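Chain and residue survey
Below, each chain spelled out in residue letters.
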Amino acid sequence: MHEQQQHRQHRWRNQQHTDTHLAYMLVIFCRLDQRNLGDRRCALHALKRTLIDEAKARGEKPTPATVDKQIAGIERSEAALRAIESVEATGGTAHYFSLDLRDADAVQAVVDDVRNRYGKIDVLLHAGGMLIDRTLPNKEPSQFALVYDVKADGFFNLLKAATGMPIGATVVFSSVAGRFGNAAQSNYSAANDLLCKISSSMKAWRPQTRGIALDWTAWGSIGMATRGSVPKIMEMLGIDMLPPEVGVPTIRRELTYSGFKGEIVVGRRLGALMSEQDVTGGLDTDKVKALLASRERPLPMIGAVKAARLYGGLEVETTLDPQIQPFLFDHQIDGTPVLPGVMGTESFAELATLLFPGYRVAGKTGTGEIATPLGYTNSATNTSFVGWGPAEDPKFLVYIWLEKPEISIWGSEVAAPVFSDLVEDLVVLMNIPPDNVRLSLRYDGRNIAGLE
Ligand SMILES: NC(=O)c1ccc[n+]([C@@H]2O[C@H](COP(=O)([O-])OP(=O)(O)OC[C@H]3O[C@@H](n4cnc5c(N)ncnc54)[C@H](OP(=O)(O)O)[C@@H]3O)[C@@H](O)[C@H]2O)c1
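From a predicted model like this one, the values you see are computed outputs, not experimental measurements.

Section: the overall build of the chain
Within the chain, the secondary structure is distributed over 15 helices and 13 strands. Counting across all 452 residues of the chain, residues that qualify as buried make up 20%. A fraction of 65% describes how many contacts in the chain between residues 6 or more apart in sequence connect residues 24 or more apart.

Shown next as structure tokens:
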């Protein structure tokens, strides 16, 4: 069996692929360790025994950790072998290349090979990654870079190499560590988050490609999170591990049934990841206070900014006092000052300014009663919102008009949210950076890092 497998692996490396009737084509980039695959499949115990004996024969003293590391490598190779076999079993052809994703030239050569054979990529899946979990002071710069680069440079190299080639979809394996952060994983978290941001931004610079980033929670029974003390730590943190039978179909489901582009968190109970770690959400409230005080135009509806919690949102406390906000005097009922509804809308605008200081847009709601021969209706309205952005240097003008909306009769409640949703996509599609970037860097609207 062993001999037969080696022969097949040899064939993957050397055969000239001229098939034109592919059912599936799979290109795998990893470093396949061909040794011991047969043993791995026979029995884990036997494999452990073999590895220990081999180490002893070399004059080494094998420890459980070194043997486990070797076994993990063999498991990864076995998984690659299984993937190749399943493609072949369905009548497809698998091409196997072994390379380091950080090596831009090597990646370019393989992607060029794909370009010459097929001229396109249907799905580009980047699942390369590794962990060296240590707090920053205990992490060597080279260790920081290694973990970061396999993910980030790896994806960049693949995309760069595929410049100009159609790609149906990219799927990157990110992690909840990228979404929520995780102790001792600053580099891993940052790299994963970058993969998510690159995937989401593809709408703007590679609109024909669906960029999907899957933020996996820790997988159970296979993969990196099953090694060492990770399962125990997950249990202590109240994080459910994801069974492979739940995780694996997610990829196919997202690719085939969903049209979603961007970042998707895949997990069950996320335990400690979902709990607030800081009463203010990490916000320096004194800095915000100073910033608000330095504003040329004050924000009358923003009193004290108390917190910007991850799950509690932005919390602002404002005291309404006619002595401080004279507009309250203008709206009195029987001598009692009341808050005008329009100032509620103003609060939302001011809160949005605080949350997204980068994008200033301008606009006006419209709520029009409808004229009839008997006078104006008071039960139905036509609503509108007209707005443009960036406010001082318009790149787009949007006019929303909704006839007799049913959810609400107010333009602020039905037309303005449509404007807001549209603008969120527009700034991405039109590559409009936040105001501070646009003004200070004189950003010219070209694509990130010249990828496309
Ligand atoms: N397992 C989880 O719980 C989990 C959770 C969240 C996210 N993820 C992400 O899912 C992906 C797969 O994880 P896994 O659990 O399957 O991990 P794994 O078993 O350790 O596999 C990682 C893969 O990355 C490859 N790799 C590492 N460095 C490389 C390099 N420089 N060039 C090319 N390939 C390289 C490895 O190849 P070699 O075998 O040759 O080393 C291996 O095939 C990773 O990106 C990981 O961050 C996993």
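Thoughts on the environment of Asp149
Secondary-structure assignment places Asp149 in helix α6 (residues 141-161). Judged by the 17 C-beta atoms lying within 10 Å of it, Asp149 is partly exposed. On a C-alpha basis, the gap between Asp149 and Gly129 in space is 8.9 Å, while along the polypeptide they are 20 residues apart.

Thoughts on the sheet that holds strand β5 (residues 210-216)
In spatial order, the strands read β3-β4-β5-β6; together these 4 strands make up an open sheet with parallel pairing. Single-partner strands in this sheet number two, and they are β3 (121-126) and β6 (262-266). For this sheet the average axis-to-axis angle between neighbouring strands, irrespective of direction, equals 20°. The sheet contact formed by β3 and strand β4 (residues 167-175) spans 5 bridges and is parallel. Bridge pairing in β4 links Leu125 to Val171.

Looking at the sheet that holds strand β13 (residues 396-403)
Strand order in the open sheet formed by 3 strands is β11-β12-β13, and the pairing between neighbours is antiparallel. Strands at the two margins of the open sheet, each flanked by one partner only, are β11 (362-372) and β13. The average angle at which neighbouring strand axes cross in this sheet is 20°, direction not considered. Summarising the sheet, strand β12 (residues 375-389) and β13 pair through 8 bridges and their orientation is antiparallel. Looking at β13, one finds that Gly389 is bridged to Phe396. Sitting on the sheet, helix α14 (residues 411-429) touches β11, β12 and β13, and the angle it makes with β12 is about 20°.

Side note on unusual backbone geometry
Looking along the chain, the bond that leaves Gly389 and enters Pro390 is cis, with omega of -15°. Notably, Ser221 is not glycine yet its phi reads approximately 65°, a positive angle. Locating Ser221 in the fold gives a position in the loop between β5 and α9 (230-237).

As for helix α4 (residues 64-89)
Residue pairs spaced three or four apart in an α-helix point in one direction, given the helix's 3.6 residues per turn. Under the 1.5 Å per step criterion, the end-to-end length of α4 is 36 Å for 26 residues, consistent within 8% with the ideal 38 Å. Among the residues of α4, Gln70, Ile74, Ser77, Ala80, Leu81 and Ile84 are the ones counted as buried. Looking one or two places after α4, you find Gly91, whose phi comes out positive at around 90°.

Observations regarding the packing of helix α5 (residues 104-118) against α6
Between α5 and α6, whose axes approach to 9 Å, the crossing angle comes to 40°. It follows that α5 is oblique to α6 by the angle criterion. The two elements α5 and α6 cross, and the hand of that crossing is right-handed. Of the residues in α6, those touching α5 at Ala104, Val107, Gln108 and Val111 are Asn157, Leu158 and Ala161. Residue composition of the contact of α5 with α6, grouped by class: 5 nonpolar, 2 polar and no charged.

Quick look at the packing of helix α3 (residues 44-57) against α4
Put simply, α3 and α4 touch, their axes get as near as 10 Å, and they point 120° apart. Between α3 and α4, the angle is such that the two are oblique. Relative to α4, the crossing made by α3 is right-handed. Counted together, Leu47, Lys48, Leu51 and Ile52 of α3 and Val67, Gln70, Ile71 and Ile74 of α4 form the full contact between these two elements.

Conventions and cut-offs
Residues numbered from 1 in each chain as written. Predicted model: local features only at pLDDT ≥ 70, side-chain atom pairs only at ≥ 80, totals over all residues. Helix = DSSP H or I, 4+ residues; strand = E, 2+ residues; numbered from the N terminus. Buried ≥ 20, exposed ≤ 12 C-beta atoms within 10 Å, placed from the backbone. Contact = placed C-beta atoms within 7 Å. Pairing = 2+ DSSP bridges. Axes fitted to C-alpha atoms, helices over the stretch in contact; angles between N-to-C directions. Expected span 1.5 Å × (residues − 1). Parallel < 35°, antiparallel > 145°, perpendicular 65-115°, else oblique. Left-handed = near helix turned anticlockwise from the far one by under 90°. Nonpolar A, V, L, I, M, F, W, Y, C, P; charged D, E, K, R; others polar.

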